[in-house]
Amino acid sequence: MNHAQRTSATRPRRPVGRIIVIVILVLPLLGCCYLLDLWQNIPPLRYAWMNHIPQVQGRLELIAPGQWHPGGSLSPDGRTLMLRRTQNGPREYLLWDLVTDTRQSVALTEPRSFHWLDNDLMIVYGLFPDGYALIETTTGAVHPLEQYPRERFWKVGGHHTVATLLADATDAYVITQFPRSSYMVISRSPQETWLINLGYGEGFGWSREQLEAWLKTLPHTDRTQYGIGGPVFPKQRIYSHDGRFYASRETAINTEAFFPSTASTSRLRVYTREGDLVASAYKPRWGPAILGWDYTDQSVYFALRIKGLAGPLGNPETPIFKLTPLTPEEARWQAVQRGVMWVGLALLVGAGCWWLVRRRRRRDAG
């Protein structure tokens, strides 16, 4: 026996069969962990998955990661974002000026929700113990909002009292609450500011139709509860301020889906005014909630929420993103980058195969 034969005979064989068996056993286990979302118990994996959207057309930017447990509301002109987050310690509320990229803290005690009345004025619901407040977003000042005594107006003929308040007001707003169940009237004057809660109109001895017709005769600014700095309904078109683009949340139902949570798919899509698709974002089992367009009319802000009945309980985080359509130059450069990436990947795989074949031949020759 020569030296080459002895070397070949004494070289230990690699346990290829054992490796294959281990792979066969581990892959189903990893698949079960993925389907059952058990891997989400590992914080780094959970956060990386939560803040990632796999299918994107356009330029995507993460504004508030999910681990902040954020919430957001965008002003009508797209210049200010009211941001709720829990980053280090207690929950905080920030007014984020998107033009200057500056933030100022607002002293609030666990409000239930926000609503923009104007570009520099918000109403806050659910404050304890006062219930309501107005926020001047230019200064961050919070003013408690007192409710007008119900016994003064909620009676036959009491509409004259409300009309007088609005006639004397410098600013008046009427918020139509979903689904047209009641109205919140806000009357502001230099002397006093009041919140007036109106129901269907039975207190005036009117029907709801009569109440709505009467409200239209009063000087005020209309605000719906949803659609200004808040989530919008599916397929509702949210146009940019200059009208060049519109964003839409489009939902499709898959009746053949194996898992109920994947039966419906919600995509955020951005179109030109002529109907050309220029940007989109999609993540399985999650749905976008459009917050609105920013002041540049180039980017749309949205929150991402997991769908399903148990989703918000197990995944309460709602990361906030900004999606921007690419310019033609950016789209061409992105296509070049994608082509270079695929060519580089093909060369890498080819080089690896060539190295393995060459190594195998040397081992057989030795």
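Structure: see above.
Summarised in this report is the structure supplied together with it. Note that the coordinates shown come from a computational prediction; the quantities given were computed from them, not determined experimentally.

### Observations concerning the sheet that holds strand 22 (residues 320–324)
Next, step 1: Overall, antiparallel pairing links the 4 strands, which are arranged 2-22-21-20 in an open sheet. Looking along the sheet, the strands with just one partner apiece sit at the ends: strand 2 (59–64) and strand 20 (286–293). Neighbour-to-neighbour, the strand axes of the sheet open up by a mean angle of 30°, direction not taken into account.
Next, step 2: As judged from the 4 bridges shared by strand 21 (residues 300–306) and strand 22, these two strands associate in the antiparallel manner. Bridge pairing in strand 22 places Ala303 opposite Ile320.

### A word on helix 4 (residues 159–167)
The periodicity of an α-helix, 3.6 residues per turn, causes residues three or four positions apart to be oriented the same way.
Next, step 1: Along helix 4, the positions that sit buried rather than exposed are His159, Val162, Leu165 and Leu166. Taken end-on, helix 4 shows its buried residues confined to a sector of 120°, consistent with a single buried face. Residues of helix 4 that are exposed and point over 90 degrees away from its buried face: His160 and Ala167.

### So, unusual backbone geometry
Next, step 1: Phi is positive for Arg285, which is not a glycine, with a value near 75°.
Next, step 2: Here Arg285 shows up in the loop between strand 19 (277–282) and strand 20.
Next, step 3: Look at Asp297: it is not a glycine, yet its phi comes out positive at around 60°.

### As for the sheet that holds strand 4 (residues 80–85)
Next, step 1: Taken in spatial order, the 4 strands line up as 3-4-5-6 in an open sheet, and their pairing is antiparallel. Both edges of this open sheet fall to strand 3 (71–74) and strand 6 (102–106), since each of them pairs with a single strand only. Pairwise comparison of adjacent strand axes, ignoring direction, gives a mean angle of 20° for this sheet.
Next, step 2: The pairing of strand 3 with strand 4 spans 4 bridges and is classified as antiparallel. Bridge pairing links Ser73 to Met82 in strand 4.

### Digging into the pattern of salt bridges
Next, step 1: Under the counting rule described, the total for this entry stands at 6 salt bridges.
Next, step 2: Linking Glu61 and Lys322 is a salt bridge whose minimum nitrogen-to-oxygen distance equals 3.4 Å. Of this pair, Glu61 sits in strand 2 while Lys322 sits in strand 22, placing them 261 residues apart in sequence.
Next, step 3: Overall, Glu61 belongs to the partly exposed group, its relative accessible area being 38%.
Next, step 4: A salt bridge links Asp171 to Arg188; its shortest N-O distance comes to 3.9 Å. One end of the pair, Asp171, is in strand 12 (residues 171–177); the other, Arg188, is in strand 13 (residues 182–188), with 17 residues separating them in the sequence.

### So, the packing of aromatic side chains
Next, step 1: Within this structure, the stated rule accounts for 10 aromatic pairs.
Next, step 2: For the pair Trp49 and Trp286, a centre-to-centre distance of 5.4 Å together with 75° between the ring planes defines the contact as edge-to-face. Of the two residues, Trp49 sits in helix 3 (residues 43–50) while Trp286 sits in strand 20, which places them 237 residues apart along the sequence.
Next, step 3: Measuring from ring centre to ring centre gives 6.1 Å for Tyr148 and Phe153, while their planes differ by 40°; the resulting arrangement is tilted.
Next, step 4: Under the relative-accessibility criterion, Tyr148 is labelled buried at 12%.
Next, step 5: Put simply, the rings of Tyr148, Phe153, Trp154 and Trp194 pair up and form one aromatic cluster.
Next, step 6: Sitting over the ring of Tyr148, Arg152 keeps its end group 5.3 Å from the ring centre.

Scoring rules and cut-offs
Residues numbered from 1 in each chain as written. Predicted model: local features only at pLDDT ≥ 70, side-chain atom pairs only at ≥ 80, totals over all residues. Heavy atoms only, no water. Pairing = 2+ DSSP bridges. Helix = DSSP H or I, 4+ residues; strand = E, 2+ residues; numbered from the N terminus. Axes fitted to C-alpha atoms, helices over the stretch in contact; angles between N-to-C directions. Buried < 20%, exposed > 50% of the residue type's maximum accessible area, 1.4 Å probe, protein only. Arc of directions from axis to C-beta. Salt bridge = Lys/Arg side-chain N within 4 Å of Asp/Glu carboxyl O. Phe/Tyr/Trp six-rings, centres within 6.5 Å; stacked < 30°, edge-to-face > 60°. Lys NZ or Arg CZ within 6 Å of the ring centre and 35° of its normal.

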